[in-house]
Amino acid sequence: MPQTLFEKIWHEHVIVTRDDGNSLLYVDRHLIHDLHFRAFAQLKAAGHSIREPEKLFGVPDHSLPTTAKLLADIPAGEMREAVEVLEQASKEFNFTHFSMTDDRHGIVHVIGPEQGITQPGLLLVCGDSHTSTHGAFGCIALGIGSTEVQHVLATQTLWQRQPKSMRITITGELGFGVTAKDIILAVIREIGTAGGTGYAIEYAGPVIEALSMEGRMTVCNMTIEAGSRCGLIAPDEKTIAYVEGRPYAPKGGEWDKAVTYWQALRSDGDAVFDKEIVIDGRTIAPMVTWGNSPQWALPVTDVVPDPASEPDASVRATMSAAIDYMDIEPGQPLSDIAVDMVFIGSCTNSRIEDLRAAAEVVKGRKAAVRTLVVPGSGLVKKQAEAEGLDQVFIDAGMEWREPGCSMCLAVNGETLGAGQRSASTSNRNFRGRQGVGSRTHLVSPAMAAAAAVTGHFTDVRKFTEDA
Amino acid sequence: MTAAPTIDPFRTFASSAVPIDIANCDTDQIIPARFLRKGSDDPDYARFLLHDLRFNTDGSETNFVFNEPAYRGAGILVADKNWGCGSSRENAVTALVANGIRAVIAPSVADIHYSNCIQNGVLPVRLSDEECATLRAQLRDGPGAEIAIDLETQTLTGPDQTRYTFEIDPFDKHRLLNGLDDISLTLEHDTTITEFAASYAARHSWAG
């Protein structure tokens, strides 16, 4: 029977399936970050231990101020405690931990792939919804809740019902100035923020194949914003080349065996998906979100929509509430919206390719508004500095920071003020996401850079052509 | 079944209910991120639920529906589409539980939040768009009205005594009815897991 890529990996991990269809799955890799610092005491209190600590990898990311280099630089209290407790737990339970003083530390979804912990064919989990990022390597990567985190710690397994399958094919090619971020915003706009609920999504087609691994990670990362906890892309030569030689990648004869296995990991030609979506890559433009859900995205050349033209009363109410909260007007050109701050970073867009794209726009220009540039890991930071990107940002008057999640969810002290508006390369534009009363518009790194140097949303294509 | 109950079993539940007319109500609304490091034993935990919709920055109450006297103490939420989307934060369910809320009725519930509800003895009930809209309207018209839920029979009785039936995964139902946590259930398969891990390691030696 023909199988999808997801089904092939799934079946390889099923330990038992109950009569009601729920399966107990074996977990290959478990990543954990500082917001789960309470898990270890709870685990002990329940009389459990960590079943396979060699498959657990910890890193602080959410609670790190991006000005902090040492533990003592983190404000005392729960923020520092979260980072401290995770590191202590790594010693007590003997799992790998990349501390904040180690160049290998960074956002959990950046360092997993960077270290070669993330590989094709694996089942990987993390107590974070953006775990879908890792699916870019052709593995099943699931975001889980904190009770499930404890379950994986104690048993190295997870109960799941097999999701339905959806394939999203991006045909044709991308236009000039259009990036992976624009693809995924266009996808979420197309299927809606609940469109992927109950599905695992495989991304396919020439546009996906042409993306770099960084771009594929951006696409898979925001799969959760379409309601699906798992997005994945079949591994190819690019995937294998990315993984090869990384610290936790297989070596020698094991590498050869792995590659043979990975090369067969793809959906069969006659595999049937429960749902198929096709989007023409040529129709995708640089996107900006205007509302409080990632599905409210439009080409930067468009205007704020008018709720009056929306037939569904519930949607109309949501649109009106968002327009009110965001302090924008129906019919207002998106390019007229001025921003107070720009954030370039997050597990969506903080990899080297993202920083290169932003720097290309910034080079030789000055920031019109306060701009934070936060690399996704210590190694991305070093690479960017080796390429002189840091100097491009600093020369423009931007702030070059230490790695971390920073203003994506703003629990490290870095927030927008009430009523302030950002252009942000992160993944969520929910009310208050970047601080109480904050207004967030999601864009690609190049579009964020263009907004930073002009002070308002700007079509990066025109910008680059003019240069 | 040797596993013992570790969370409050959910069999029948009747309570006043509060309508939340917000589609795509994300978990950042249900509990803002700045509370995520708080322990569930924090005496203020109940306040964190829907905090920024309920409270002004000076701590005073807004006119959000949740603050209306007739809805205080409601043990059931009737929400709109895609309740609990966004972040995987289980703290969102902890905040529901801290308020005595044992059930959320909505046309759809986001996948991770759904699992988190099950793990904490909170029943997510999926009814149609129209049924949820009807219930919300009835609750607005009759503040303080009750909804009764019987999980065994998968039925719900609205304020006007209309009976609704709902679907639920049999495994989720079993866990809720018996108050079972997954770890105790899973450890019944302890030997199978160990054997599987060994055979998996033999088949995928590079993945170890």
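Worth saying up front: this structure is predicted, and the values here are computed from it rather than measured.

### Points about the overall build of chain B
For step 1, the next point in the chain: Helices and strands together make up the secondary structure of chain B, namely nine helices and seven strands.
For step 2, the next point in the chain: Counting only C-alpha atoms and orienting by the principal axes, one finds that chain B spans roughly 60 × 40 × 30 Å.
For step 3, the next point in the chain: Here chain B holds 208 residues, and 57% of them are scored as buried.
For step 4, the next point in the chain: Within chain B, contacts between residues separated by at least 24 positions form 66% of all contacts whose residues are at least 6 apart in sequence.
For step 5, the next point in the chain: When the accessible area of chain B is evaluated, it comes to approximately 8,100 Å², of which 48% is carbon and sulfur surface.
For step 6, the next point in the chain: Placing the 17 positive and 30 negative side-chain charges of chain B at their respective mean positions leaves the two points 3 Å apart.

### Overview of the packing of helix 12 (residues 352-362) of chain A against helix 13 (residues 378-386) of chain A
All names here are of chain A.
For step 1, the next point in the chain: Orientation of helix 12 relative to helix 13, taken along the N-to-C sense of each, is 40 degrees, at an axis distance of 10 Å. Our classification of the angle between helix 12 and helix 13 gives oblique. Remark: the crossing between helix 12 and helix 13 carries right-handed chirality. From helix 12, I352, L355 and R356 reach across to helix 13, where they touch V380, Q383 and A384.

### Considerations on the sheet that holds strand 10 (residues 199-204) of chain A
All names here are of chain A.
For step 1, the next point in the chain: The sheet built from four strands is open, its strands ordered 11-10-9-12 with parallel pairing. Sheet topology places strand 11 (230-232) and strand 12 (275-280) at the edges, where each strand pairs with a single neighbour. For this sheet, the mean angle separating the axes of adjacent strands, direction not counted, is 20 degrees.
For step 2, the next point in the chain: By the bridge criterion, three bridges tie strand 10 to strand 11 in an arrangement that is parallel. Following the sheet pairing, E202 is matched in strand 11 by L232.

### Focus on the pairing of strand 10 of chain A
Residue and element names in this part refer to chain A.
For step 1, the next point in the chain: Judged by how many residues are buried, strand 10 sits mostly within the fold: six of six residues are covered.
For step 2, the next point in the chain: Neither face of strand 10 is open: one carries Y199, I201 and Y203, the other A200, E202 and A204, and all of them are buried.
For step 3, the next point in the chain: Sheet topology places strand 9 (residues 164-171) next to strand 10; six bridges connect them, and they run parallel. Pairing of I168 across the sheet is with Y203, part of strand 10.
For step 4, the next point in the chain: For the segment spanning strand 9, helix 6 (residues 180-191) and strand 10, crossover handedness is right-handed.

### Here we look at the pattern of salt bridges
All names here are of chain A.
For step 1, the next point in the chain: Enumeration according to the criterion identifies 35 salt bridges over all chains in this entry.
For step 2, the next point in the chain: With a closest N to O distance of 3.3 Å, E385 and K381 form a salt bridge. Of the two residues, E385 and K381 both sit in helix 13, four residues apart, roughly one turn of that helix.
For step 3, the next point in the chain: For K381, a relative accessible area of 13% puts it in the buried group.
For step 4, the next point in the chain: A salt bridge links R401 to E414; its shortest N-O distance comes to 3.4 Å. You can see R401 sitting in the loop between strand 17 (399-400) and strand 18 (421-424) and its partner E414 sitting in the loop between strand 17 and strand 18, a full 13 residues away along the chain. Neither R401 nor E414 differs from the other in exposure class; each is buried.
For step 5, the next point in the chain: One salt-bridge network, held together by shared partners, links K69, K381, E385 and E402.

### Some thoughts on the packing of aromatic side chains
Residues and elements named next belong to chain B.
For step 1, the next point in the chain: Applying the stated criterion across every chain yields a total of 17 aromatic pairs over all chains.
For step 2, the next point in the chain: Both rings, one in F10 and one in F13, keep their centres 6.0 Å apart while their planes meet at 50 degrees; by these two values the pair is tilted. Both residues of the pair, F10 and F13, belong to the buried class.
For step 3, the next point in the chain: Look at F196 and Y200: their rings are 6.0 Å apart centre to centre, the planes differ by 20 degrees, and that puts the pair in the stacked class. Placement of the pair is F196 and Y200 together in helix 9 (residues 190-203), with a separation of four residues, close to one helical turn.

### Side note on the domain arrangement of chain A
All names here are of chain A.
For step 1, the next point in the chain: Under the domain assignment, chain A is made up of domain 1 (5-263) and domain 2 (297-466).
For step 2, the next point in the chain: Domain 1 and domain 2 are separated by 24 Å when their C-alpha centres are compared.
For step 3, the next point in the chain: Facing 40 residues of domain 1, the contacting portion of domain 2 comprises 42 residues.
For step 4, the next point in the chain: Where domain 1 abuts domain 2, roughly 3,200 Å² becomes buried across the two surfaces, and 59% of that area is made up of carbon and sulfur atoms.
For step 5, the next point in the chain: For domain 1, the biggest contributors to the area lost against domain 2 are T66, I107 and K181; these three give 21% of the whole.

### Points about the interface of chain A and chain B
For step 1, the next point in the chain: Each partner contributes residues to the interface: chain A has 66 residues there, and chain B has 51 residues.
For step 2, the next point in the chain: In this assembly, chain A packs against chain B so that about 4,800 Å² is buried in total across both faces, 57% of it on carbon and sulfur atoms.
For step 3, the next point in the chain: Among the residues chain A hides against chain B, the three largest losses belong to E12, R51 and W159 of chain A. Together they make up 11% of the total.
For step 4, the next point in the chain: Between D28 of chain B and R433 of chain A there is a salt bridge, and its shortest N-O distance comes to 2.8 Å.
For step 5, the next point in the chain: One can count 26 residue pairs in polar contact (both at pLDDT 80 or more) joining chain A with chain B.
For step 6, the next point in the chain: Secondary-structure elements contributing two or more residues to the side of chain A that touches chain B are helix 1 (5-13), strand 1 (14-17), strand 2 (22-26), helix 3 (78-93), helix 5 (146-155), strand 8 (157-161), helix 10 (252-263) and helix 11 (313-326) of chain A.
For step 7, the next point in the chain: If you tally residues by element for the side of chain A that touches chain B, the top one is helix 5 of chain A, at seven residues.
For step 8, the next point in the chain: Partitioning the side of chain A that touches chain B into residue classes produces 24 nonpolar, 23 polar and 19 charged.

### Here we look at the nonpolar core
For step 1, the next point in the chain: In terms of nonpolar packing, the biggest core is built from 109 residues, with W83, I105, L123, I147, I149 and L156 of chain B touching the most fellow members.
For step 2, the next point in the chain: Here this core gets eight residues from one element, more than from any other, and that element is helix 15 (residues 445-454) of chain A.
For step 3, the next point in the chain: The residue makeup of this core includes at least three contributed by each of domain 1 (5-263) and domain 2 (297-466) of chain A.
For step 4, the next point in the chain: Every residue in contact with I105 of chain B, bar those within four places of it in the chain, is listed here: I76, L77, V78, A79, V125, L127, C132, L135, I147 and L156 of chain B.
For step 5, the next point in the chain: Membership of the second largest hydrophobic core comes to 100 residues, among which are V16, L25, A89 and I168 of chain A.

### A word on the sheet that holds strand 15 (residues 341-344) of chain A
Residue and element names in this part refer to chain A.
For step 1, the next point in the chain: An order of 17-16-15-18-19 is seen for the five strands of this open sheet, with the pairing classed as parallel. Looking at the sheet topology across the chains shown, the edges are occupied by strand 17 and strand 19 (439-442).
For step 2, the next point in the chain: Across four bridges, the pairing between strand 15 and strand 16 (residues 370-373) is parallel. Considered in strand 16, the bridge of V342 is made with T371.
For step 3, the next point in the chain: Across the sheet, helix 15 touches strand 15, strand 16 and strand 18, and the angle it forms with strand 15 is around 150 degrees.

### Digging into the pairing of strand 6 (residues 123-126) of chain A
Residue and element names in this part refer to chain A.
For step 1, the next point in the chain: The side-chain alternation of strand 6 yields two buried faces, one formed by L123 and V125 and the other by L124 and C126.
For step 2, the next point in the chain: In terms of strand pairing, strand 3 (residues 29-33) meets strand 6 through three bridges, oriented parallel. Bridged to H30 within strand 6 is V125.
For step 3, the next point in the chain: Of the pairings in the sheet, the one linking strand 6 to strand 7 (residues 140-143) comprises four bridges and is parallel in character. Within strand 7, the position partnered with V125 by the bridge is L142.

### Structural notes on the packing of helix 5 (residues 111-119) of chain B against helix 7 (residues 170-178) of chain B
Residue and element names in this part refer to chain B.
For step 1, the next point in the chain: Their axes nearest at 9 Å, the elements helix 5 and helix 7 cross at an angle of 35 degrees. Of the residues in helix 7, those touching helix 5 at Y114, I118 and Q119 are D172, R175 and L176.
For step 2, the next point in the chain: The residue inventory of the contact of helix 5 with helix 7, partitioned by class, reads three nonpolar, one polar and two charged.

### A short note on the confidence of the model for chain B
For step 1, the next point in the chain: Per-residue pLDDT for chain B has a mean of 95; in total, 97% of the residues score no lower than 70.
For step 2, the next point in the chain: ipTM for the predicted complex: 0.96, alongside a pTM of 0.97.

Here is what the cut-offs are and how they apply
Residues numbered from 1 in each chain as written. Chains lettered and ligands numbered in written order. Predicted model: local features only at pLDDT ≥ 70, side-chain atom pairs only at ≥ 80, totals over all residues. Heavy atoms only, no water. Helix = DSSP H or I, 4+ residues; strand = E, 2+ residues; numbered from the N terminus. Buried < 20%, exposed > 50% of the residue type's maximum accessible area, 1.4 Å probe, protein only. Contact = heavy atoms within 4.5 Å. Areas by Shrake-Rupley, 256 points an atom, 1.4 Å probe, with all protein chains shown as cover. Lys, Arg positive; Asp, Glu negative; His and termini not counted. Charge placed at Lys NZ, Arg CZ, Asp CG, Glu CD. Axes fitted to C-alpha atoms, helices over the stretch in contact; angles between N-to-C directions. Parallel < 35°, antiparallel > 145°, perpendicular 65-115°, else oblique. Left-handed = near helix turned anticlockwise from the far one by under 90°. Pairing = 2+ DSSP bridges. Right-handed = clockwise from strand over helix to strand, strands pointing away. Salt bridge = Lys/Arg side-chain N within 4 Å of Asp/Glu carboxyl O. Phe/Tyr/Trp six-rings, centres within 6.5 Å; stacked < 30°, edge-to-face > 60°. Domains from an automatic or database assignment. Buried area = accessible area lost by both parts, 1.4 Å probe. Polar contact = N/O pair within 3.5 Å; in protein donor to acceptor, adjacent residues only side chain to side chain. Nonpolar A, V, L, I, M, F, W, Y, C, P; charged D, E, K, R; others polar. Core = buried A, V, L, I, M, F, W, Y, C linked by side-chain atoms within 4.5 Å. pLDDT = per-residue confidence, 0-100.

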